[in-house]
Amino acid sequence: MDTSKHEGEEKAMPEQKTLVIIKPDGLVKSLTGGILTKLSETKLKIIAAKVVRVSRELAVEHYYHLKDQPFFGELIKYIMGEHHTNRVLAMVYYGEDAIQKVRAIAGSTNPEEAESISIRGMFGRITTKGVFENVIHASSDPKEAEREIKLWFMPDEIVTDIYPTTEKEVARKMRVWA
Ligand code: DAT
Ligand code: MG
């Protein structure tokens, strides 16, 4: 049986997963609804979502590739919500061509260069300190998506099995309801 056409189609339109974060300015300015509505234009599935208080450790790990940039310190303060609120909404979107679809709707990194009907174009701004408050993070390629999703989520927080897992005995104290 010749399956080459089918395989070719799968390669052209792979199912992908991508980490999306609504940053602190997005939450504090009540932009969540508008951003989720824009993202729903992609017709992708949300397979994980949680509100996270971002620690310095998580922020630095997330943006480690930018650690030598002059804006790194301000970027870490921004994602930790120093000027807004210390929480973000972290999500995993899944589906065909997810990474590019979300990046297209998010718009360019610099909110002033972003297309006006993109999320960053509609809701982003540049502060007087030069911080790009661009309201949303979206992974830029499959390798980055995997690293970021594994950094922000545990396997059981995601409703679809997207990466291989293993079972491990862990003895640790955890907070429970009193
Ligand atoms: P993106 O978020 O579009 O993937 P990136 O990964 O290059 O862009 O940078 C991560 C964040 O760092 C970006 O959302 C905003 C900030 N940033 C990037 N370039 C910047 C610059 N030249 N000045 C100020 N902030 C910048
Ligand atoms: Mg990036």
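Coordinates for the structure precede this section.
Read on for an overview of the structure. (Residues numbered from 1 in each chain as written. Chains lettered and ligands numbered in written order. Predicted model: local features only at pLDDT ≥ 70, side-chain atom pairs only at ≥ 80, totals over all residues. Heavy atoms only, no water.)

Description of the pairing of strand β1 (residues 15-22)
- Burial analysis of β1 places 6 of its 8 residues in the buried class, the great majority of the element.
- Note that β1 and strand β3 (residues 88-96) share 8 bridges and pair antiparallel. Along β3, the bridge assignment pairs I21 with A90.
- Sheet analysis places β1 next to strand β6 (residues 136-138), joined by 3 bridges and oriented antiparallel. Each residue of the ladder has a partner; that of V20, found in β6, is A138. (Buried < 20%, exposed > 50% of the residue type's maximum accessible area, 1.4 Å probe, protein only. Helix = DSSP H or I, 4+ residues; strand = E, 2+ residues; numbered from the N terminus. Pairing = 2+ DSSP bridges.)

Let's talk about the site of ligand 1
- All residues in the neighbourhood of ligand 1 are listed as K23, Y63, H65, L66, F71, L75, R103, T109, R120, G130, F132 and N134.
- Between ligand 1 and the protein, one listed contact pairs an oxygen atom with a side-chain N or O atom of K23 at 3.3 Å.
- Separating an oxygen atom of ligand 1 from a side-chain N or O atom of N134 is a distance of 2.8 Å.
- For ligand 1, whose free accessible area comes to 520 Å², the fraction covered by protein is 79%.
- Residues belonging to the shell around ligand 1 are distributed by class as follows: 5 nonpolar, 4 polar and 3 charged. (Near = heavy atom within 4 Å. Polar contact = N/O pair within 3.5 Å; in protein donor to acceptor, adjacent residues only side chain to side chain. Areas by Shrake-Rupley, 256 points an atom, 1.4 Å probe, with all protein chains shown as cover. Nonpolar A, V, L, I, M, F, W, Y, C, P; charged D, E, K, R; others polar.)

Topic: the packing of aromatic side chains
- Inspection of the entire model under this criterion finds 0 aromatic pairs.
- The ring of Y163 carries K150 above its face, with NZ or CZ at 4.9 Å from the centroid. (Phe/Tyr/Trp six-rings, centres within 6.5 Å; stacked < 30°, edge-to-face > 60°. Lys NZ or Arg CZ within 6 Å of the ring centre and 35° of its normal.)

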